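Reading the structure
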Amino acid sequence: MCGIFGVIGHIDPGRAAACRDLMAHRGPDGAGLWTGDGVTLGHRRLSILDLSDRGGQPMAYANGRYHIVYNGELYNFVEVRAELEARGETFVSDSDTEVLLAAYAIWGPDCMDRFNGMWALAIWDDVERTLFLARDRFGKKPLFYARTRHGFVFASEMKAIMPLM
């Protein structure tokens, strides 16, 4: 279990970190925060697949075009990774997160049709300035969202966005 958090709008990084850390129990192995122009993504990490720092989040891909926060597990990430490697993609981590990002970079939102697993995720495209939010087909991983005075906010738990209401 991990915790994801984000704001499309403006928020003080300290306040964003405090909201993210309300979910510290979801990810005791690490915490990350990335801030771009009008977007902040936060993550609490429970290390399972790639225990190294290369598996940390928020994770960037494609020279920083895409940034992801992700809670879940892709059961078939080895097969999807092999398909992407056959297309010429290379990877620096052993995480399913990087595979997910590479798949999104190639196939866009249709990549979800290729995945077996459970997830809640947010991918920010810094070129298109768009946010892609998704949950697995059965909604196993939680994802809450709202519009607040800070902008559009989302998190794995409602208590992480309540201070922004």
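Here, the structure is the one placed above.
A short tour of the structure in this document, coming up. (Residues numbered from 1 in each chain as written. Predicted model: local features only at pLDDT ≥ 70, side-chain atom pairs only at ≥ 80, totals over all residues. Heavy atoms only, no water.)

Taken together, four strands build an open sheet; the order of strands is β4-β5-β6-β7 and the sheet is antiparallel. Single-partner strands in this sheet number two, and they are β4 (59-61) and β7 (130-135). Direction aside, the axes of adjacent strands within the sheet are offset by 25 degrees on average. Note: β4 against strand β5 (residues 66-74), three bridges, orientation antiparallel. Bridging from a neighbouring strand, A60 pairs with H67 of β5. Each of β4, β5, β6 (117-125) and β7 touches helix α3 (residues 96-107); the most contacted strand, β5, lies at about 125 degrees to it. (Pairing = 2+ DSSP bridges. Helix = DSSP H or I, 4+ residues; strand = E, 2+ residues; numbered from the N terminus. Axes fitted to C-alpha atoms, helices over the stretch in contact; angles between N-to-C directions. Contact = heavy atoms within 4.5 Å.)

With that out of the way, let us pick up the pattern of salt bridges. Tallied over the entire structure, the rule returns nine salt bridges. We note a salt bridge from E157 to R26, for which the minimum N-O separation is 3.2 Å. Residue E157 is found in the segment after β9 (151-155), and its partner R26 is found in the loop between α1 (13-21) and β2 (30-36); the two are separated by 131 residues along the sequence. Given the relative accessible area of 15%, E157 is considered buried. The buried category is assigned to R26, whose relative accessible area is 7%. The partner of E157 in a salt bridge is K159, and the shortest N-O contact between them spans 3.7 Å. Assessed through its relative accessible area of 41%, K159 is described here as partly exposed. If you follow the salt bridges from partner to partner, you end up with R20, D21 and R44 in one network. (Salt bridge = Lys/Arg side-chain N within 4 Å of Asp/Glu carboxyl O. Buried < 20%, exposed > 50% of the residue type's maximum accessible area, 1.4 Å probe, protein only.)

Put simply, helix α2 (residues 77-86) and α3 touch, their axes get as near as 10 Å, and they point 45 degrees apart. As the angle between them shows, α2 and α3 are arranged oblique. Where α2 crosses over α3, the handedness of that crossing is left-handed. Facing F77, V80, R81, E83 and L84 of α2, the residues of α3 in contact are D96, V99, A102, A103, I106 and W107. Of the residues that constitute the contact of α2 with α3, the class distribution is eight nonpolar, no polar and three charged. (Parallel < 35°, antiparallel > 145°, perpendicular 65-115°, else oblique. Left-handed = near helix turned anticlockwise from the far one by under 90°. Nonpolar A, V, L, I, M, F, W, Y, C, P; charged D, E, K, R; others polar.)

Taken together, five strands build an open sheet; the order of strands is β2-β3-β1-β9-β8 and the sheet is antiparallel. With one partner strand each, in any of the chains shown, β2 and β8 (144-148) form the two edges of the open sheet. If you compare each strand with its neighbour and ignore which way they point, the axes differ by 10 degrees on average. In the sheet, β8 pairs with β9 via five bridges, with the strands oriented antiparallel. Counted as the bridge partner of A146 is V153 from β9. Contacts between α1 and the sheet are confined to β1 (3-9), β2 and β3 (39-45), with β2 contributing the most and set at about 145 degrees to the helix.

Honestly, that's just the spatial picture; any functional story needs more than this.
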